[in-house]
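Examining the three-dimensional arrangement
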Amino acid sequence: MSISYKDLGLVNSRELLKKAVDGGYAIPAYNFNNLEQIQAILQACVETKSPVILQVSSGARKYANSTLLRNLARGAVEYVKELGYEIPIVLHLDHGDTFELCKDCIDNGFSSVMIDGSHHSYEDNIALTKKVVEYAHKHDVTVEGELGVLAGIEDDVVAEHHTYTEPDEVIDFVSRTGVDSLAISIGTSHGANKFTPEQCTRDENGVLVPPPLRFDILEEIEKKIPGFPIVLHGSSSVPQKYVETINQYGGDLKDSIGIPEEQLRKAAKSAVCKINIDSDGRLAMTAAVREVMATKPGEFDPRKYLGPARDELKQLYMHKNNNVLGSAGKA
Ligand code: G3H
Ligand code: 13P
Ligand code: ZN
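Residues numbered from 1 in each chain as written. Chains lettered and ligands numbered in written order. Predicted model: local features only at pLDDT ≥ 70, side-chain atom pairs only at ≥ 80, totals over all residues. Heavy atoms only, no water.

Here we come to the pattern of salt bridges. For the structure on display, the rule yields 20 salt bridges. Put simply, Arg14 and Asp180 hold a salt bridge, and the shortest N to O gap is 3.3 Å. Of the two residues, Arg14 sits in helix α1 (residues 14-23) while Asp180 sits in the loop between α8 (167-177) and β8 (181-184), which places them 166 residues apart along the sequence. Looking at Arg14, the relative accessible area reads 35%, which means it is partly exposed. What makes Asp180 buried here is its relative accessible area of 15%. (Salt bridge = Lys/Arg side-chain N within 4 Å of Asp/Glu carboxyl O. Helix = DSSP H or I, 4+ residues; strand = E, 2+ residues; numbered from the N terminus. Buried < 20%, exposed > 50% of the residue type's maximum accessible area, 1.4 Å probe, protein only.)

This brings us to the pairing of strand β2 (residues 52-57). Of all six residues in β2, six are buried; the element is thus mostly enclosed. Bridge analysis of strand β1 (residues 27-31) against β2 gives three bridges, and the strand direction is parallel. Within β2, the position partnered with Ala29 by the bridge is Ile53. Crossover β1 to β2 through helix α2 (residues 35-47) is right-handed. (Pairing = 2+ DSSP bridges. Right-handed = clockwise from strand over helix to strand, strands pointing away.)

Another point: the coordination of the zinc ion (ligand 3). Ligation of the zinc ion (ligand 3) by protein atoms is provided by His95 (NE2), His190 (NE2) and His233 (ND1), these donors lying 2.1 Å from the ion. Of note, the donors binding the zinc ion (ligand 3) are all from one chain and are spaced H-x94-H-x42-H. Within this pair, whereas His95 is found in strand β3 (residues 89-96), its partner His190 is found in the loop between β8 and β9 (201-202), the two being separated by 95 residues in sequence. On the accessibility criterion, His95 (9% relative accessible area) is buried. (Donors = N, O, S within 2.8 Å, 3.2 Å for Na, K, Ca; no water.)

We now examine the sheet that holds β8. Through backbone hydrogen bonds, the strands of a sheet pair up, either in parallel or in antiparallel fashion. The eight strands lie next to each other as β1-β2-β3-β4-β5-β8-β11-β12, forming a closed barrel whose pairing is parallel. Looking at each pair of strands side by side, their axes are set apart by 25 degrees on average, direction ignored. Relative to strand β12 (residues 272-277), strand β11 (residues 230-232) runs parallel, the two sharing three bridges. When the bridges of β12 are listed, Val231 appears paired with Lys274. (Axes fitted to C-alpha atoms, helices over the stretch in contact; angles between N-to-C directions.)

So, on to unusual backbone geometry. Its identity as a non-glycine residue notwithstanding, Val238 has a phi of 55 degrees, on the positive side. Inspection of the secondary structure puts Val238 in the loop between β11 and α10 (240-248). A positive phi angle is found at Asp255, which is not glycine, with a value near 50 degrees. Mapped onto the elements, Asp255 comes out in the loop between α10 and α11 (261-268). Taking the relative accessible area as the measure of exposure, Asp255 reaches 46% and is therefore partly exposed.

Generally speaking, nonpolar side chains in soluble globular proteins are found buried as a group. Ranked by internal contacts, the top residues of the largest apolar core, which has 98 residues, are Phe32, Leu54, Ile89, Leu182 and Leu232. In this structure, Leu54 is in contact with Tyr30, Phe32, Ile38, Ile41, Leu42, Ala76, Ile89, Val90, Leu91 and His92, ignoring residues within four places of it in sequence. (Core = buried A, V, L, I, M, F, W, Y, C linked by side-chain atoms within 4.5 Å. Contact = heavy atoms within 4.5 Å.)

We now examine the environment of Ala20. Locating Ala20 in the fold gives a position in helix α1. In this structure the C-alpha to C-alpha distance between Ala20 and Ile259, which are 239 residues apart in sequence, comes to 21 Å. Contacts of Ala20, omitting those with residues within four sequence positions, involve Tyr25, Ile27 and Cys273.

Before going further, it helps to spend a moment on the site of ligand 2. Around ligand 2, a shell composed of 16 residues is seen, among which Asp94, Lys194, Ser236, Asp278 and Ser279 lie nearest. Between ligand 2 and His95, the relevant distance is 3.3 Å, taken from an oxygen atom to a side-chain nitrogen or oxygen of the residue. Compared with its free state, where it exposes 310 Å², ligand 2 has 96% of that area covered by protein. Those elements that place two or more of their residues in the shell around ligand 2 are β3 and β12. The class makeup of the residues in the shell around ligand 2 is one nonpolar, 12 polar and three charged. (Near = heavy atom within 4 Å. Polar contact = N/O pair within 3.5 Å; in protein donor to acceptor, adjacent residues only side chain to side chain. Areas by Shrake-Rupley, 256 points an atom, 1.4 Å probe, with all protein chains shown as cover. Nonpolar A, V, L, I, M, F, W, Y, C, P; charged D, E, K, R; others polar.)

Printed below as a string of structure tokens:
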């Protein structure tokens, strides 16, 4: 028996993204795989009064079991009421790769899905995306498509180099597929190693500065499809304080470089209205867990290390909403 997101009090992303484009900010899209992550995301978004997109990847479904995971998300609306302030919540499939996966999510309470056909040929991407849109729109579920390929790892797919989105293709893609939003490739990538040190320059303090995002391509895209909601994946900034804590307490992260926050702030003021962040949350939690493990060797209650990890994640996401995405106060 299928269940509609509307019966769960969730919303699709249409109105939220439109308001964000018009208002010059971006809605946070944070991934979760477990209880502590969803708690931190919802607490941070309630405290900053921000709308939120809860993202579930197929890796998350495999890790946590799709039934348990969606039931966690189904509790989100009641949980935020208990926290004292109602915010709009979208439950979104991140990087759906088949029609069947998207359909399963739509039939089970998701209000938004991504169909990522970016690794297929252009025509195959269009055909797959259009099929998902037709099914999703019958259920008033919104769909994100992707044009262009991000360097890095997306689930099991590894792309060595970026293929930037081709501005000349966007009108055709958007009109033939009917997507509600479009993920583009302008220099972001997944994971905590977005650039090699060789790709960076150094500022006067010797700090590595990565090459800027391709705002020229973004501007071209905006001219072709004015006001159309644009999504940025791979938008972690890789805070060096977490990398340092992880390495201080026995970790071994090398060349961990992300997208500078000022660049994301600039993007959020444009038609970029959904920004995906996962790796920064992983770094925050890992730093907190490592610190407890190293400084309290007698501790063996998972709540005593997952609790601090959750608290650090909440602080990080409050900072993103307040200072990077500009979504605070928009709920
Ligand atoms: O884009 C990928 C997201 O960070 C999700 O990662 O596939 O390892 O769950 P995952
Ligand atoms: P990061 O790896 O940069 O956090 O990107 C996450 C993402 O794009 C999820 O879809
Ligand atoms: Zn992504």
